[in-house]
Amino acid sequence: MGSAFKKFCMHFCCCCCVGDDDNEDEKQPLVPQDPLEYFNREVQKRRDEEANLWSTPGDPSHSERDDDRVLYSLLQARNKTRMGSTGYRRLSVDIEAMRDTRREVRDKWKTVLENLGFMAEADSLLTVSAGASHDRMRNAAAARAMLQTLHTETSIFSTREPPPERYLFILDRLLYLDIAEDFLAKAKRFYPPKEDSDEEVPGLAINLPLLLARVEQAMNGRDEEEDDESQSEREDGNFSDRS
């Protein structure tokens, strides 16, 4: 497993993934000597995590899929909403709900990979950057067929919507490492298809039209708030003139 994963890193990851075995057991300090370096790394880690949540890695606009478009709209609406306001808090709740749904799917994949023995490599295998390209895939057709099988024959995605394309790249890696079939077998055993009555869990399903409506409401509310503030300023100005 170690040699195969190292070969995978040489093809798909940066060189930092491949190191000497002698250095694997070296102890690293929890906090580096330079605190600024530590905080910069944590900030970059958070940014990478957020960028890694997009469903279609090759889409620079983050708007090809409905769920990507909704999440992007929510983020843009929150950026234009006054922090601490009711609208800001409501948008934050919706954003975290969508991100939690995506993290739940990712956690399922990580559970299966760790059960296959890839405890240390699971995070690397599941990381897909925005620069992912179909041209670099080695088994695109087989990966797409397996993704469809996971979508229809397991509950690993827990949705009727098409699965995120980011997992196409991950399956291509697993095929290259010759563990894709084992992953599929484990996924079927760990996450069997749900019964029709269990498909929709009240309170947990993401209602995309509702979220879009909330985005529009938040934007309209912001416009009305700005109009009210402008009207108030004009009235104050008129009152001062009369005084």
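What counts and how
- By convention here, each chain's residues receive numbers from 1 onward along its written sequence.
- Note on the predicted model: pLDDT of at least 70 is required for a residue's local features to be given, and 80 or more for side-chain atom pairs to be given and counted; whole-chain, interface and lining totals, by contrast, use all residues.
- Side-chain measures were taken over the full set of non-hydrogen atoms in the model, leaving aside hydrogen atoms and water.
- For helices the rule is a DSSP run of H or I covering at least 4 residues; for strands it is a run of E covering at least 2, with both sets numbered from the N terminus onward.
- For every residue, the accessible area (1.4 Å probe, protein chains only) is compared with the maximum for its type, and the residue is labelled buried under 20%, exposed over 50%, or partly exposed between those bounds.
- Note on definitions: a residue-residue contact is assigned when non-hydrogen atoms from the two residues lie within 4.5 Å.
- Computed with a 1.4 Å probe, the accessible areas rest on the Shrake-Rupley method; for each residue, only the protein chains presented here act as cover.
- We call a set of buried Ala, Val, Leu, Ile, Met, Phe, Trp, Tyr and Cys residues a nonpolar core when their side-chain atoms join them within 4.5 Å.
- Every residue is assigned a pLDDT by the predictor, reflecting its confidence on a scale from 0 to 100.
- Polar contacts, as used here, are pairs of N or O atoms within 3.5 Å; protein pairs need one atom able to donate a hydrogen and one able to accept it. Residues neighboring in sequence count only if both atoms are side-chain atoms.
- Think of each axis as a best-fit line through the C-alpha atoms, taken over the contacting stretch in the case of a helix, with angles from 0 to 180 degrees between the N-to-C directions.
- When describing relative orientation, an angle under 35 degrees is termed roughly parallel and one over 145 degrees roughly antiparallel, while 65 to 115 degrees is termed roughly perpendicular and anything else oblique.
- Crossings are classed by handedness, with left-handed meaning an anticlockwise turn of the near helix from the far one by less than a right angle and right-handed meaning a clockwise turn.
- Amino acids are sorted into nonpolar (Ala, Val, Leu, Ile, Met, Phe, Trp, Tyr, Cys and Pro), charged (Asp, Glu, Lys and Arg) and polar (every other residue, Gly among them).
- A pair of aromatic rings is counted whenever rings of Phe, Tyr or Trp (Trp by its six-membered ring) have centres within 6.5 Å, and the orientation is called stacked for planes under 30 degrees apart, edge-to-face for over 60 and tilted otherwise.

Here's the deal with the overall build of the protein chain
For step 1, the next point in the chain: Scanning the protein chain for helices and strands turns up nine helices and zero strands.
For step 2, the next point in the chain: Each helix and strand of the protein chain, ordered N terminal to C terminal, gives the series α-α-α-α-α-α-α-α-α.
For step 3, the next point in the chain: Looking at the protein chain residue by residue over its 243 residues, the buried ones come to 32%.
For step 4, the next point in the chain: Long-range pairs, those at least 24 residues apart, make up 70% of the contacts in the protein chain between residues at least 6 apart in sequence.
For step 5, the next point in the chain: With an accessible surface of roughly 15600 Å², the protein chain has 49% of that area assigned to carbon and sulfur atoms.

Here we look at the environment of histidine 151
For step 1, the next point in the chain: Assignment of secondary structure puts histidine 151 in helix H6 (residues 140-153).
For step 2, the next point in the chain: Given a relative accessible area of 16%, histidine 151 falls into the buried group.
For step 3, the next point in the chain: It is 7.7 Å that separates the C-alpha atoms of histidine 151 and proline 162, two residues lying 11 residues apart in sequence.
For step 4, the next point in the chain: Aside from chain neighbours lying at most four places away, what touches histidine 151 is Phe157, Thr159, Arg160, Glu161, Pro162 and Pro163.

Observations regarding the nonpolar core
For step 1, the next point in the chain: Formed by 30 residues in total, the largest nonpolar core has its most connected members in Trp109, Leu150, Leu174 and Phe183.
For step 2, the next point in the chain: Every element with two or more residues in this core is listed here: helix H4 (86-115), helix H5 (122-126), H6, helix H7 (166-176) and helix H8 (180-190).
For step 3, the next point in the chain: Examining the composition of this core, we find that six residues originate from one element, H7, more than from any other.
For step 4, the next point in the chain: The residues touching tryptophan 109, leaving out its near neighbours within four places in the chain, are Leu126, Leu150, Ile156, Phe157, Tyr167, Ile170, Leu171, Leu174 and Phe183.
For step 5, the next point in the chain: In terms of nonpolar packing, the next biggest core, distinct from the first, is built from nine residues, Val70, Leu75, Leu91 and Ile95 among them.

What about the confidence of the model for the protein chain?
For step 1, the next point in the chain: Of the residues in the protein chain, 61% reach a pLDDT of 70 or more, and the chain-wide mean stands at 75.
For step 2, the next point in the chain: Looking across the protein chain, the model is least confident in helix H9 (residues 208-242), with a mean pLDDT of 56, and most confident in H8, with 96.
For step 3, the next point in the chain: Of the regions scoring below 50 in pLDDT, residues 18-26 engages in five contacts with residues more than four places distant in sequence or in other chains.
For step 4, the next point in the chain: pLDDT under 50 marks residues 197-204. Its contacts with residues more than four places away, or in other chains, come to four contacts.

A look at H7
The periodicity of an α-helix, 3.6 residues per turn, causes residues three or four places apart in sequence to face the same way.
For step 1, the next point in the chain: Among the 11 residues in H7, nine count as buried, and that is most of the element.
For step 2, the next point in the chain: Within H7 the residues assigned to the buried category are Arg166, Tyr167, Leu168, Phe169, Ile170, Leu171, Asp172, Arg173 and Leu174.
For step 3, the next point in the chain: Aspartate 178 occupies a position one or two residues after H7 and carries a positive phi of about 65°.

Some words on the side chain of serine 85
For step 1, the next point in the chain: Tracing the sequence through the fold places serine 85 in the loop between helix H3 (66-79) and H4.
For step 2, the next point in the chain: A distance of 2.7 Å separates a polar atom in the side chain of serine 85 from the backbone oxygen of arginine 82.

Quick look at the packing of H3 against H4
For step 1, the next point in the chain: At a minimum axis separation of 9 Å, H3 and H4 run at an interaxial angle of 150°. It follows from the interaxial angle that H3 and H4 lie roughly antiparallel. Crossing of H3 over H4 shows left-handed handedness. Of H4, the residues touching H3 (which contributes Asp67, Asp68, Val70, Leu71, Leu74, Leu75, Ala77 and Arg78) are Tyr88, Leu91, Ser92, Asp94, Ile95, Met98, Arg99 and Arg102.
For step 2, the next point in the chain: Looking at side-chain class alone, the contact of H3 with H4 contains nine nonpolar, one polar and six charged residues.

A word on unusual backbone geometry
For step 1, the next point in the chain: The phi dihedral of aspartate 178 falls on the positive side, at around 65°, and the residue is not glycine.
For step 2, the next point in the chain: Tracing the backbone through its elements, the reader meets aspartate 178 in the loop between H7 and H8.
For step 3, the next point in the chain: The exposure class assigned to aspartate 178 is exposed, which follows from its relative accessible area of 66%.

Considering the packing of aromatic side chains
For step 1, the next point in the chain: Scanning the entire structure with this criterion turns up five aromatic pairs.
For step 2, the next point in the chain: A ring pair is formed by tryptophan 109 and phenylalanine 157, whose centres lie 6.2 Å apart and whose planes are at 55°; its orientation type is tilted. Taken together, the residues tryptophan 109 in helix H4 and phenylalanine 157 in the loop between H6 and H7 connect sequence positions 48 residues apart. Assigned by exposure class, tryptophan 109 and phenylalanine 157 land together as buried.
For step 3, the next point in the chain: Both rings, one in tryptophan 109 and one in tyrosine 167, keep their centres 4.5 Å apart while their planes meet at 25°; by these two values the pair is stacked. Here the residue tryptophan 109 occupies a position in helix H4, and tyrosine 167 occupies one in helix H7, the gap between them amounting to 58 residues. Here tryptophan 109 matches tyrosine 167 in class, with each residue buried.

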